[in-house]
Amino acid sequence: MNTSDLRESVRDVIAYDDARESAPFEHACTLITGLGLIACALLTPSRGRAVIHAMAGGALLVRAASGRDGLRKWAREPQAQPRSRIVVAP
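Predicted model, so just to flag it, every value in this text is computed and none were measured.

### What about the overall build of the chain?
- Helix and strand content of the chain: 4 helices and 0 strands.
- If you list the helices and strands of the chain from N to C, you get α-α-α-α.
- Counting over 90 residues, the chain shows a buried share of 11%.
- A separation threshold of at least 6 residues defines the contact pool for the chain, and within that pool the share at least 24 residues apart is 47%.
- A total of about 7,800 Å² of accessible surface is found on the chain, and carbon and sulfur atoms cover 64% of it.

Here it is in structure tokens:
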């Protein structure tokens, strides 16, 4: 699999995620799980496990905040308008 195929696959996954309806409490559960993993990272005696827990927890926090049902919905902000792809040359 070359780089362009991988990028296209990632774009397809992002487009699917943006188009689908969120499960009930999906972002809240992801947030709680991320915070739990970060708390485990602070309490675990092994540095290797702590790093893995913190990385996974951070990724889940980012996931909980992203998307149309993340922080944007909680803050009651309007949906972002897609940028125009028209290039105006002088």
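### Some words on a nonpolar patch on the surface
- Together, Leu6, Val10 and Ile14 give the surface a local cluster of nonpolar side chains, amounting to about 260 Å² of exposed area.
- One can find Ile14 in helix H1 (residues 3–19).
- Note on Ile14: relative accessible area 46%, which makes it partly exposed.

### Re the environment of Ser22
- In this fold, Ser22 is placed in the loop between H1 and helix H2 (26–43).
- For Ser22, a relative accessible area of 26% puts it in the partly exposed group.
- Distance in space between the C-alpha atoms of Ser22 and Asp69 is 7.1 Å, their sequence separation being 47 residues.
- Other than its neighbours up to four places away in sequence, Ser22 contacts His27 and Asp69.

The rules behind each value
Residues numbered from 1 in each chain as written. Predicted model: local features only at pLDDT ≥ 70, side-chain atom pairs only at ≥ 80, totals over all residues. Heavy atoms only, no water. Helix = DSSP H or I, 4+ residues; strand = E, 2+ residues; numbered from the N terminus. Buried < 20%, exposed > 50% of the residue type's maximum accessible area, 1.4 Å probe, protein only. Contact = heavy atoms within 4.5 Å. Areas by Shrake-Rupley, 256 points an atom, 1.4 Å probe, with all protein chains shown as cover. Patch = residues over 30% accessible without salt bridge, like charges linked within 9 Å, V, L, I, M, F, W, Y side chains within 5 Å. Salt bridge = Lys/Arg side-chain N within 4 Å of Asp/Glu carboxyl O.

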